[in-house]
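Residue-level structure breakdown
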Amino acid sequence: MSRGKYATISNVFHLFQKQLQEALGGFLRRHFQADVAVQVEQPKQASFGELALPVAFQLAKALKKPPKAIAAELSAALPRLDGVKETEVAGNGYLNIRIDRGYYGLLLLESVSRPPEAKPGKIVVEHTNINPNKAAHIGHLRNAVLGDTFVRMLKATGHCVETQNYIDNTGVQVADVVAGFRFLRHMRWPEVYPLTVQPRFDYVCWDLYAQTSQHYKDNPESVAWRQEVLHSIESGEGELARIGHTVADAIVECHLATMRRLGITYDVLPRESEILHLQFWAKAFEQLKERKAIYLEEEGKNKGCWVMPGSAFSGATNAEGEEDNKVIVRSNGTVTYVGKDIAYQMWKFGVLGKDFHYRVLKTYEDGHVIWISTTEPAPNEPAFGHATQVFNVIDSRQSYLQDVVVAGLRQLGYPEQAAQSVHFSYEMVALSPRTCVELGIELSEEDQKRPYVEVSGRKGLGVKADDLIDKLIEAALGEVESRHPGAEANRQVATDIAVGALRYFLLKFTRNTVIAFDFQEALSFQGDTGPYVQYAAVRARKILRNYEERFGALPDFNAVLTHEAFSSCLEEEPLWQMLLACSKAGLAIEAAVASGEPSQVSRFAFNLAQSFSTFYHDYPVVAEENARKRALLVWMTQYFSRQLEHTLSVLGIRVPAYM
RNA sequence: GGGCGCGUAGCUCAGCUGGAUAGAGCAUCUGCCUUCUAAGCAGAGGGUCGCAGGUUCGAGUCCUGCCGCGCCUACCA
């Protein structure tokens, strides 16, 4: 739980825009007695100026005048505003504003980068949440990368964030793998344990889980194994429970290692086993009954179950046109997953009236500590939870269940917590038919016609995360080797590129787009990709290095870059456009946080990189003969470098040492 | 049946609270490596924004109805 380490970003454009809005708002009140919120847009075309005000359209109705006339009147009456060079009426009534480039350049030069203003409250983001019974696949990666990036975005904008990764170590999926070891492979704990300390134990379980699922399908009576394992795990006694814990703990380690490769980590891992043993559910059950959020069904198909009425969470009706109630406690007295999830969500907000204990699971070289829940108190335990807002990163297929959880909070009398519970949903990652063929997956005729095929852990159908990362590293290594044969850091560079490519690939789609995963696309390092953006960052650094080698040091920018210098140099449109784009980094990240859409950040990074690539091609910096212009170019390179690298750090993408 | 989402260039996707001539990447074609690395740059072709109505100064964007596709709708998670 921490504020960002992202110390700095220059957010001048945002501030400039705000000032302008305020000045204009004041003017409108005085001049037209009109109290309107001044909207500011980005003009469609750069030639229209830097800011477009549709204010005349807003006023047209009230003033009963055509927008164009109002815009003209406004333009004429408007007092001089700091940093505004001129205003212009365009289109059907837009008031376009051209920024004084010299003024703006100085503003950027003098702007002190400072940490974002600390926002009040505490945000809990829960992501990853992979069942600890098999290797992670690309679907899990989308979850983790989205969650991790959103965490970075929040920290970069000054929020206090705690990252949780919930571990369902007592569930059906773990039970099935345990059943596989014990009953299918007839192994006892002493035989299972050595496997768990082998590398890629998660791959062993991947196959075993698929095998067990298939066995259930062929021998339905063997599903009884699952019950036996679950009972053992729940009581915490017996060999099955022991195998279960050993397996789950080992797989969690595998998952943490996989995510670590992508720069993803967590603050705390709350486990299902502690929710069970600390009786979180009993506490929630009390409250749910007491506040009449659920009731005991006395007839019908749900007889003997405690259910939440369908009216509480949706207007959905079933095939018979009746409202669908949701079973929270089964007729045999056991609680469903949703029930436990309600208790967990209450805990996140600190309204359950119970808490975990914690111990340190591991400490990384950089000092980062991951805590894990325990049942026993320990000295100097940190406090987790007690959030003011909670984001649950969970795929959109579970929106129904998330609705039930939120309804639970509302019915319990926690309307604010309900309102602050956000299902940060995203669509699944499927496989393109072409990739299925590559993987040797046989497709039915039906599936061949579809644009994508759903992955299935149960069937062992999917692309394992570590395989994909390995494949990306190999591909990147090939490219790096061809450019820098035998160079020392090639392995590290290839890894940075692979991770950049993967994270970018998973982030470039908006959340509600189904990704049809395709190897060819994911392995591409050209165009709209992570490596393209990294390449721009690498080139910018190289220019700065070359400049220092050639001239000893960077120029004294404050001395050389005057208003006049900026004014004349920034007459050149491409230079101005790039500078302007760079100055919008902070705005882009804030907008992306507001809309909850990490893809906006990756798109911004790409556009910025494009803008620099053109600059790189058109303006040889070090070779520039005019000293003043050379200073401006190298300053711009430095400014770009800072802004892009900040944006990349928010995306969790590293800048390789070379490319 | 109901809930949610999607349908934009050959393919994969952007398009913020309605705004100016609908944008990228890939693929195709044409140029550019004795110049800070060509994982790059410049350019060309390619569109009835699923269909039909409506709302208004203005609709890819909002509303209604269709058509097609996906996911969800378990005493599984």
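Described in the following lines is the structure provided in the data block. Here the residue numbers are simple positions, counted from 1 along each chain's written sequence. Chain A is the first chain written and ligand 1 is the first ligand written, with later ones labelled in order. Totals for whole chains, interfaces and linings use all residues, but because this is a predicted model, local features are given only for residues with pLDDT of at least 70 and pairs of side-chain atoms are given and counted only at 80 or more. With hydrogens and water stripped out, all remaining heavy atoms of the structure feed into the side-chain values.

Let's talk about helix α19 (residues 490-507)
What counts as a helix is a DSSP run of H or I of at least four residues, what counts as a strand is a run of E of at least two, and both are numbered from the N terminus. Given the number of residues in a helix, its expected span is that number minus one, multiplied by 1.5 Å. For α19, which comprises 18 residues, the first-to-last C-alpha distance of 25 Å matches the rise-based estimate of 26 Å (1.5 Å per residue) to within 8%. For every residue, the accessible area (1.4 Å probe, protein chains only) is compared with the maximum for its type, and the residue is labelled buried under 20%, exposed over 50%, or partly exposed between those bounds. Judged by how many residues are buried, α19 sits mostly within the fold: 15 of 18 residues are covered.

Observations concerning the environment of glutamine 173
Mapping glutamine 173 onto the fold places it in helix α6 (residues 172-184). Pairs of residues are marked as contacts when any of their non-hydrogen atoms sit within 4.5 Å. In this structure, glutamine 173 is in contact with Asn131, Asn133, Lys134 and Tyr209, ignoring residues within four places of it in sequence. Within 3.5 Å is the distance limit for a polar contact, defined as a pair of N or O atoms, with the added protein rule that one can donate a hydrogen and the other accept it, and that residues adjacent in sequence qualify only through two side-chain atoms. Within polar-contact distance, the side chain of glutamine 173 engages the side chain of lysine 134 at 3.0 Å.

Let's talk about the side chain of histidine 255
Relative to the helices and strands, histidine 255 is located in helix α10 (residues 239-261). Classification of histidine 255 by relative accessible area gives buried; the value is 6%. Sequence-distant contacts of histidine 255, that is, excluding residues within four places in its chain, are made with Ile130, Asn131, Pro132, Lys134, Ala135 and Ala136.

Remarks on the packing of aromatic side chains
Aromatic pairing here means that ring centres of Phe, Tyr or Trp (its six-membered ring) are within 6.5 Å. Orientation follows from the plane angle: under 30 degrees is stacked, over 60 is edge-to-face, and everything else is tilted. Within this structure, the stated rule accounts for 29 aromatic pairs. On the numbers, 5.9 Å between centres and 10° between planes, the contact of tyrosine 344 with tryptophan 347 is stacked. Pair noted here: tyrosine 344 and tryptophan 347 are both in helix α13 (residues 337-349), with a separation of 3 residues, about one helical turn. Relative to phenylalanine 517, the ring of phenylalanine 505 lies with its centre 5.9 Å away and its plane at 90°, an arrangement referred to as edge-to-face. Of this pair, phenylalanine 505 sits in helix α19 while phenylalanine 517 sits in strand β16 (residues 515-517); the two residues are 12 residues apart in sequence, bridging distant segments of the chain. You can call phenylalanine 505 buried: its relative accessible area is 5%. Feature note: the residues Tyr166, Phe280, Tyr344, Trp347, Phe356, Tyr358 and Phe384 constitute an aromatic cluster, connected by ring pairs. Counting as a charge over the ring demands two things of the Lys NZ or Arg CZ atom: a distance within 6 Å of the ring centre and an angle within 35 degrees of the ring normal. Stacked on the ring of tryptophan 306, the Lys or Arg lysine 289 has its end atom at 5.4 Å from the ring centre. The ring centre of phenylalanine 424 lies 4.0 Å from the NZ or CZ of arginine 511, which sits over that ring.

Side note on the pairing of strand β3 (residues 94-99)
In the case of a regular strand, side chains alternate between the two sheet surfaces. The element β3 is largely enclosed, with a buried count of 5 among its 6 residues. Pairing analysis gives 3 bridges linking strand β1 (residues 51-53) to β3, with the strands arranged antiparallel. Looking at the pairing, alanine 52 lines up with asparagine 96 of β3. Bridge analysis of strand β2 (residues 84-90) against β3 gives 6 bridges, and the strand direction is antiparallel. The rule for pairing is simple: two strands pair if DSSP sees at least two bridges between them.

Some words on the protein's contact with RNA strand B
For this purpose, a residue is taken to be near a molecule or strand whenever a single non-hydrogen atom of the residue falls within 4 Å of it. For RNA strand B, the set of nearby residues contains 66 residues, the closest of which are Tyr94, Arg330, Thr510, Tyr616 and Met659. Within the side chain of asparagine 96, a nitrogen or oxygen atom sits 3.1 Å from a base nitrogen of RNA strand B. In the environment of RNA strand B, a sugar or linking oxygen lies 3.0 Å from a nitrogen or oxygen atom belonging to the side chain of aspartate 168. Looking at the surface near RNA strand B, the elements that each hand over two or more residues are β3, α14 (399-411), α18 (465-483), α21 (530-551) and α26 (599-618). Ranked by the residues each element gives to the surface near RNA strand B, the list is headed by α26, at 7 residues. Residues of the surface near RNA strand B, tallied by class, amount to 31 nonpolar, 18 polar and 17 charged. Gly falls in the polar group here, along with every residue not listed as nonpolar (Ala, Val, Leu, Ile, Met, Phe, Trp, Tyr, Cys, Pro) or charged (Asp, Glu, Lys, Arg).

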